[in-house]
Amino acid sequence: MSEAGRFITFEGGEGAGKSTQVTRLADRLRSLGLEAIATREPGGTPNAEALRGLLLNGFAEPLAPASEAMIFSAARIDHLEKLVRPALARGAFVVCDRFADSTRAYQGALGHISGDFIDTLERLAVGETMPDLTFMLDLPAEDGLSRANLRRGANRADRFESEAIGFHRGLRDSFLKIAAAQPQRCVVMDGARTVDEIADDVWRLVERRFLGAAA
Ligand code: TMP
């Protein structure tokens, strides 16, 4: 559990609609006069954003998958220390586009990394600062990738978007497994619905869990 504030993450495959929902939720919290930080991983601080560049442009790809996972964790440590934990300590809501579940799903799905290795990395990088609530936006891999292609336009696919369809199908299974193993924290949402429908469901849950609204 987080300290005084609330830590909410959005997870899912490519094109699942996380970024839009992060913005919607943070705006809605702010409209009530609450402090809400919208952030993302990899990234969220200048140093972690620099590492994001290396990770997504494929610079880190020739390294062993374990090394790539460690760079994601290095970015996470900086983000947690400089942005997330101070905000939680002030009592803010932190709404984050991807977090440690993405390392488990993506780096796990790339193979050659044991569950023990990922558990250890997570313990070292994240420690007690696990999200209070995680929304898993679930979508067939093909649909997510077509959305990501449309969004990208003429730009080149990044290091992970370029992986084969089998990889993206495996990701979906990994996220669903994480959600099934941690039902208190994770809520699976059908990512095929409209932005408004998803945002309304997200809001209902956040109100009920954290703002004292009746069920
Ligand atoms: P996105 O913010 O557009 O989703 O891009 C981030 C990419 O990085 C996405 O392809 C997922 C990948 N990723 C990992 O492989 N491991 C991680 O731990 C995180 C946070 C992201």
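Please read these numbers as outputs of a predicted model, since none were measured by experiment. (Residues numbered from 1 in each chain as written. Predicted model: local features only at pLDDT ≥ 70, side-chain atom pairs only at ≥ 80, totals over all residues. Heavy atoms only, no water.)

## Considering unusual backbone geometry
Most peptide bonds adopt trans geometry, and most residues besides glycine take a negative phi value.
Moving on, step 1. Backbone torsion omega between Glu 41 and Pro 42 reads -10°, so that peptide bond is classified as cis.
Moving on, step 2. Topologically, Pro 42 is positioned in the loop between β2 (36–40) and α2 (46–56).
Moving on, step 3. For Arg 98, which is not glycine, the phi dihedral falls at a positive 75°.
Moving on, step 4. Checked against the element boundaries, Arg 98 lands in the loop between β3 (93–97) and α4 (100–110).
Moving on, step 5. Accessibility expressed as a relative area gives 13% for Arg 98, which makes it buried. (Helix = DSSP H or I, 4+ residues; strand = E, 2+ residues; numbered from the N terminus. Buried < 20%, exposed > 50% of the residue type's maximum accessible area, 1.4 Å probe, protein only.)

## What to know about the packing of aromatic side chains
Moving on, step 1. Tallied over the full model, the rule gives seven aromatic pairs.
Moving on, step 2. On the numbers, 5.8 Å between centres and 50° between planes, the contact of Phe 72 with Phe 160 is tilted. Taken together, the residues span a long stretch of sequence, with Phe 72 in helix α3 (residues 65–89) and Phe 160 in the loop between α6 (141–152) and α7 (165–181) at a distance of 88 residues.
Moving on, step 3. Phe 160 sits in the buried class, given a relative accessible area of 5%.
Moving on, step 4. Judged by centre distance (5.7 Å) and plane angle (90°), the ring pair of Tyr 106 and Phe 160 falls under edge-to-face. Linking Tyr 106 in helix α4 with Phe 160 in the loop between α6 and α7, this pair joins segments that are 54 residues apart in sequence. (Phe/Tyr/Trp six-rings, centres within 6.5 Å; stacked < 30°, edge-to-face > 60°.)

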